[in-house]
Amino acid sequence: MSCCSSKPTTTVSSDSDLVKAVNDAYSARALKSGEDKDRSKTIAEAFGYTADELKSLPEEANLGLSCGNPTAIAKLKEGERVLDLGSGGGIDIFLAASKVGSKGQAIGVDASAEMVALARKNAANKGLKPPQVAFVQASLEKELPIESSSIDVIISNCVINLLPLAGKASIFKEAFRVLKPGGRIALSDIVAKIPLPEDVRGNLAAYVSCIGGAASEAEWRSFLGDAGFQDVLLVDRKSDLSVYWESDGAAPSSCCCATTPDVVLKQGDLPADFDVNKWVGSFEIYAVKSPSDEPARTLETALLRWWDAYPTVKSGPPPLTAEEVAKLIRNPEKGGGKTAIIDVRRNDHDGGHVKGSEQWAAQTFYDDLPGFFEKHKNTEKVIFYCQSSNGRGPRSAGWYQDYLDSQSPESHSSKAYVLQGGIMRWKTKYTGEGDLVDYD
């Protein structure tokens, strides 16, 4: 539980500084995934992960950041929707996905872009993809990008303690909102057993190391009760937290990645009477949202925006007007033979489409990019459209252009474009012209 920050700071000055320090520390840890594998395994086993569970995971999913095993206590059932708050490299999401199966959904939310990228890479290596398994970048101090009343179970592993006080209160209100009536939480986290002195709470390294921000049992009950939860239960696992500490008295690099000695939390930086197992403990936290007679919502996904499960587009493919695209179709000798037109709508293709266009649904397009690239890498103009080309069309075009930009220039001659105005403008202009508009 060491601290690493680009600007070594010893005291907590504001919530925003705290959030940034935590994000910087765990982003840096994500970039060093795969290091300290033996120590990460030791820590995971100390907090309840079995050898079989660890063997089932992608190699870089276990970062040694756990203080429990929430999937072992959540009593997950096939078909349930699970949300992991602070999903890291994906360790608990992958285990949850194996329990809820193909009819369930496992969603991980993490504030660190690097952690989300690592988890997505791990998911791809395991052959898992949205909507069954999704990783989303989002701040836990703000509104979650999750539909209301859509989640059966919320899990989290040693993350809530890292939130500032206001964030701790708000995350449980959001948890209550997104849980279905009758839904439950099963968390593993660090809880303060005795009041922590101010010099510990105010020590940034101690905070990033999951000690300084530990709330008391009374505070946990208050957060959960104020959010509306019932049947709150906290159970001390009585785990030996000294497993985190190195022989030289420093918290291990497996929990972060301090690059200089002056930003590593050491036992010598804490009060002389500090005893990690006396001051804080690894707890299991349970609570439920009361059932309701209201009919359950029928949702295809619990994500508020399906595209949050995929990387943000970096490029900005240029638009082509309807007139420009029509000329390409009608004059193949001037480029039409080296052009592909892509309809990324999922259910509207038969209601009218650009004649000759291929259908690749935006919701699965990102996962299909390698195959799409192989088919169109020598197609000079690949033109995307949706209903109005304000959302799915530009997003899919951007994903394709980003993919092209990641390949060597010698491997392709392709470029992405967007049909300006989408099919709406196209049909307004060309309905009745059989060489330009077709219906299935």
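Everything numeric here is computed off the predicted structure, so don't read it as measured data. (Residues numbered from 1 in each chain as written. Predicted model: local features only at pLDDT ≥ 70, side-chain atom pairs only at ≥ 80, totals over all residues. Heavy atoms only, no water.)

### Quick notes on the side chain of Glu 147
Turning to step 1, where the next piece is worked out: Within the secondary structure, Glu 147 sits in the loop between strand S3 (133-137) and strand S4 (151-157).
Turning to step 2, where the next piece is worked out: In contact with Glu 147, other than residues within four places in its own chain, are Arg 177, Val 178, Arg 297, Leu 299, Thr 301, Ala 302, Leu 303 and Leu 304. (Helix = DSSP H or I, 4+ residues; strand = E, 2+ residues; numbered from the N terminus. Contact = heavy atoms within 4.5 Å.)

### Some details on the sheet that holds strand S9 (residues 319-320)
Turning to step 1, where the next piece is worked out: The strand order S9-S14-S13-S10-S12 describes an open sheet built from 5 strands, whose pairing is parallel. Whereas interior strands pair on both sides, the edge strands pair on one side only; in this sheet they are S9 and strand S12 (358-359).
Turning to step 2, where the next piece is worked out: Here helix H15 (residues 392-406) sits on the sheet in contact with strand S13 (381-385) and strand S14 (415-419), set at roughly 170 degrees to S14. (Pairing = 2+ DSSP bridges. Axes fitted to C-alpha atoms, helices over the stretch in contact; angles between N-to-C directions.)

### Side note on the nonpolar core
If you look at soluble globular proteins, the nonpolar side chains tend to sit buried side by side.
Turning to step 1, where the next piece is worked out: Among the nonpolar cores identified, the biggest contains 56 residues, and Leu 83, Ile 154, Phe 172, Trp 220, Phe 384 and Tyr 400 are the most heavily contacted of them.
Turning to step 2, where the next piece is worked out: Here Phe 172 is in contact with Ile 160, Ile 185, Leu 187, Trp 220, Phe 223, Leu 224, Ala 227 and Phe 229, once residues within four sequence places are set aside.
Turning to step 3, where the next piece is worked out: Core analysis: the second largest hydrophobic core is formed by 32 residues, Ala 30, Met 115, Ala 192 and Leu 241 among them. (Core = buried A, V, L, I, M, F, W, Y, C linked by side-chain atoms within 4.5 Å. Buried < 20%, exposed > 50% of the residue type's maximum accessible area, 1.4 Å probe, protein only.)

### Here we look at unusual backbone geometry
Turning to step 1, where the next piece is worked out: Each neighbour pair has its own omega, and for Pro 130 with Pro 131 the value is 5 degrees, a cis peptide bond.
Turning to step 2, where the next piece is worked out: For Pro 131, the position within the fold is in the loop between helix H6 (113-125) and S3.
Turning to step 3, where the next piece is worked out: For Ser 149, which is not a glycine, the phi torsion comes out positive at approximately 50 degrees.
Turning to step 4, where the next piece is worked out: Inspection of the secondary structure puts Ser 149 in the loop between S3 and S4.

### As for the packing of helix H7 (residues 165-178) against helix H10 (residues 217-227)
Turning to step 1, where the next piece is worked out: Direction vectors running N to C along H7 and H10 enclose 40 degrees, while the axes themselves pass 8 Å from each other. Relative to H10, H7 is oriented oblique. Of the two possible hands of crossing, H7 and H10 adopt the one that is right-handed. On H10, the residues that touch Leu 165, Lys 168, Ala 169, Phe 172, Lys 173 and Phe 176 of H7 are Trp 220, Phe 223, Leu 224 and Ala 227.
Turning to step 2, where the next piece is worked out: Of the residues that constitute the contact of H7 with H10, the class distribution is 8 nonpolar, no polar and 2 charged. (Parallel < 35°, antiparallel > 145°, perpendicular 65-115°, else oblique. Left-handed = near helix turned anticlockwise from the far one by under 90°. Nonpolar A, V, L, I, M, F, W, Y, C, P; charged D, E, K, R; others polar.)

### Considering the packing of aromatic side chains
Between two aromatic rings, the relevant description is the distance of the centres plus the angle of the planes.
Turning to step 1, where the next piece is worked out: Throughout the structure, instances matching the rule amount to 18 aromatic pairs.
Turning to step 2, where the next piece is worked out: Each ring, one from Phe 365 and one from Phe 384, has its centre 5.6 Å from the other, and the planes form 80 degrees; the classification is edge-to-face. Of the two residues, Phe 365 sits in helix H13 (residues 362-365) while Phe 384 sits in strand S13, which places them 19 residues apart along the sequence.
Turning to step 3, where the next piece is worked out: Among the aromatic side chains, those forming a connected cluster through ring pairs are Trp 306, Trp 307, Tyr 310, Tyr 366 and Trp 399.
Turning to step 4, where the next piece is worked out: Directly above the ring of Trp 306 sits Arg 395, whose terminal nitrogen or CZ lies 6.0 Å from the centroid.
Turning to step 5, where the next piece is worked out: Taking the ring centre of Trp 307 as reference, the NZ or CZ of Arg 395 above it sits at 4.1 Å. (Phe/Tyr/Trp six-rings, centres within 6.5 Å; stacked < 30°, edge-to-face > 60°. Lys NZ or Arg CZ within 6 Å of the ring centre and 35° of its normal.)

### A word on the packing of helix H1 (residues 15-31) against H6
Turning to step 1, where the next piece is worked out: Running from N to C, H1 and H6 cross one another at 30 degrees; their axes reach a closest spacing of 7 Å. Note on packing geometry: the crossing formed by H1 with H6 is left-handed. Only Glu 114, Met 115 and Leu 118 of H6 make contact with H1, whose side of the interface consists of Tyr 26, Ser 27, Arg 29, Ala 30 and Leu 31.
Turning to step 2, where the next piece is worked out: In terms of residue class, the contact of H1 with H6 is made up of 5 nonpolar, 1 polar and 2 charged.

It is worth stressing that arrangement in space is one thing and function is another; only the former is reported here.
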